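Geometric and topological summary
The chain contents come next:
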Amino acid sequence: MPNSLVRQFVVSLYALAFAAGVIISCAPSASAAPAESASAKSAIEAVYDEINASFERRDLPQMMSYFTPDYTEVDEKGKRHNKESARQGYQKQLGQIKSIQSRYSILNVTPSPDGTLVEMKLHSDGVGVKRVLFARLKGTFVSDLHVRDLWVKTPQGWRLQHRQTLENNLKIHPG
């Protein structure tokens, strides 16, 4: 697959990786009060579950409602994206990924002056279809994503304000 297609597929999977999966195993940070950290962890896990369910229902407006208006993300190459470009990426994903299975592992939950930082790894595998000009490329993929998310508590509940991708390893198997 040409590098530009792989790059586009990686961007697409990056967007999907956030939206898909179930979060498991989280240990509170030693610097936080255990009850406070556990409460934040549980609430944030519930929002991740809602985001995933919204994505699976293809309810993009509901999914994006869990992002702050000033949401930003930085990919592994340092490129910044705003909420609208993230929404466009998810919209594109809805047409490309046919099935996906994901497993999250939360590595750390750390309260900060700006909100709560959640560092996690996501392993996903699935099937996708990408349209390139007049051709449709089908294949399977395996993606391992390592991110740091900043969650803030708002009157509407926990919302995702920022994501930084620390590492994104993708393997595509055309088929």
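Residues numbered from 1 in each chain as written. Predicted model: local features only at pLDDT ≥ 70, side-chain atom pairs only at ≥ 80, totals over all residues. Heavy atoms only, no water.

**What to know about the pattern of salt bridges**
On inspection of all chains with the given rule, the structure shows five salt bridges. We note a salt bridge from E45 to K41, for which the minimum N-O separation is 3.0 Å. Here K41 and E45 lie together in helix α2 (residues 34-56), a separation of four residues that amounts to about one turn. For the residue pair E45 and K41, the accessibility class agrees, reading buried in each case. (Salt bridge = Lys/Arg side-chain N within 4 Å of Asp/Glu carboxyl O. Helix = DSSP H or I, 4+ residues; strand = E, 2+ residues; numbered from the N terminus. Buried < 20%, exposed > 50% of the residue type's maximum accessible area, 1.4 Å probe, protein only.)

**Some details on the pairing of strand β2 (residues 67-74)**
Burial runs high along β2: six of the eight residues are buried. Two strands pair when backbone bridges link them, and β2 and strand β7 (residues 157-174) are joined in this way by four bridges, in the parallel orientation. For T72, the partnering residue across the bridge sits in β7 and is H162. In the sheet, β2 pairs with strand β3 (residues 80-82) via three bridges, with the strands oriented antiparallel. Following the sheet pairing, E73 is matched in β3 by H81. With antiparallel pairing between neighbouring strands as the criterion, β2 and β3 make up a hairpin whose turn holds five residues, including G78 at a positive phi of roughly 90°. (Pairing = 2+ DSSP bridges.)

**Digging into the packing of aromatic side chains**
Summed over all chains, the structure comprises three aromatic pairs. Measuring from ring centre to ring centre gives 4.9 Å for Y48 and W151, while their planes differ by 80°; the resulting arrangement is edge-to-face. Pair noted here: Y48 is in helix α2 and W151 is in strand β6 (residues 135-154), with a separation of 103 residues, a long-range link. Neither Y48 nor W151 differs from the other in exposure class; each is buried. With 6.0 Å between their ring centres and 85° between their planes, F67 and Y90 make a pair best called edge-to-face. Placement of the pair is F67 in strand β2 and Y90 in helix α4 (residues 83-96), with a sequence separation of 23 residues. Its relative accessible area of 2% is what places F67 among the buried residues. Judged by its relative accessible area of 1%, Y90 falls in the buried class. Three or more aromatic residues joined by ring pairs make a cluster, and in this case those are F67, Y71 and Y90. (Phe/Tyr/Trp six-rings, centres within 6.5 Å; stacked < 30°, edge-to-face > 60°.)

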